[in-house]
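# Coordinate inspection notes
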Amino acid sequence: MSFLNFLFRGPINTEAIKVLNVEEYKKAISNNNIQLVDVRTSQEFASEHIRGAQNVDYFQQSKFKATFSKMDRDKPVYLYCQSGNRSQKAARKLVDMGFGSVYDLRGGYNKWKY
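A short tour of the structure in this document, coming up. (Residues numbered from 1 in each chain as written. Predicted model: local features only at pLDDT ≥ 70, side-chain atom pairs only at ≥ 80, totals over all residues. Heavy atoms only, no water.)

### A closer look at the overall build of the protein chain
Helix and strand content of the protein chain: five helices and five strands. Helices and strands in the protein chain line up, N terminus first, as α-β-α-β-α-β-α-β-α-β. When burial is assessed residue by residue, the protein chain has 41% of its 114 residues classed as buried. For the protein chain, contacts bridging at least 24 residues in sequence account for 69% of all contacts bridging at least 6. (Helix = DSSP H or I, 4+ residues; strand = E, 2+ residues; numbered from the N terminus. Buried < 20%, exposed > 50% of the residue type's maximum accessible area, 1.4 Å probe, protein only. Contact = heavy atoms within 4.5 Å.)

In C-alpha cells:
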C-alpha cells in the first residue's frame, strides 16, 4: 500500500486477519466453502502443497491482484506460504482489497505435518 493510500484510506483492519495454528487450520480447511491459497512460488508449490490449494505467487503482484480480484470477497480465504511471512503480507493486501475473512497458517507450510 502506498503512503498516500495509507493516509487517505486509513489503517488496514487487522481484525479481519486471523492466524491459526496447524490443528485449527486443518479443521477449518476441511470446510468446502473456502478459498485455499498457497502464495509461494510455483516451484515451491510444485514440490509439495496442501491438497486443494490454488497457487497464487505473492511475488508476481500483477497476477496476484488480477487473480484475487476475481475471487469471492464474501467467502473466507485461507492463505499459507513457507514460513508465514509472505502470507501475512498477502493477508494485509487482501483486506485492503475488501476481503472480510482472511486466515493465515501460523508458521506456514514448514509447520504442516499432514
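There is more to say, and it comes next.
### Regarding the packing of aromatic side chains
By the definition in use, this model includes nine aromatic pairs. Seen from their ring centres, Y25 and W112 are 6.1 Å apart, and the 80 degrees between their planes marks the pair as edge-to-face. Placement of the pair is Y25 in helix α2 (residues 22–28) and W112 in the segment after β5 (102–105), with a sequence separation of 87 residues. On the basis of relative accessible area, Y25 is assigned to the buried category, the value being 0%. Plain terms: the ring middles of F68 and F99 are 6.0 Å apart, the flat faces sit at 90 degrees to each other, and that makes the pair edge-to-face. Here F99 lies in the loop between α5 (85–96) and β5 and F68 lies in helix α4 (residues 61–69), a separation of 31 residues in the sequence. Residue F68 shares its accessibility class with F99, and that shared class is buried. In this structure an aromatic cluster arises from ring pairing among Y25, Y78, Y103, W112 and Y114. In this arrangement the basic side chain of R40 is found over the ring face of Y109, its NZ or CZ atom lying 4.7 Å from the centre. (Phe/Tyr/Trp six-rings, centres within 6.5 Å; stacked < 30°, edge-to-face > 60°. Lys NZ or Arg CZ within 6 Å of the ring centre and 35° of its normal.)

### Focus on the sheet that holds strand β2 (residues 35–38)
Spatially, the five strands line up as an open sheet ordered β1-β5-β4-β2-β3, and their pairing is parallel. Of all the strands in the sheet, the pair left with one neighbour each is β1 (17–20) and β3 (54–55). Packed onto the sheet, α5 meets β1, β4 (77–80) and β5 and runs at close to 150 degrees relative to β4. (Pairing = 2+ DSSP bridges. Axes fitted to C-alpha atoms, helices over the stretch in contact; angles between N-to-C directions.)

### Here's the deal with the environment of Q54
Within the element layout of this structure, Q54 appears in strand β3. Owing to a relative accessible area of 36%, Q54 belongs among the partly exposed residues under this scheme. With 25 residues separating them along the chain, Q54 and L79 place their C-alpha atoms 9.7 Å apart. Not counting chain neighbours up to four residues away, the residues in contact with Q54 comprise L36, V37, D38, F45, T67 and M71.

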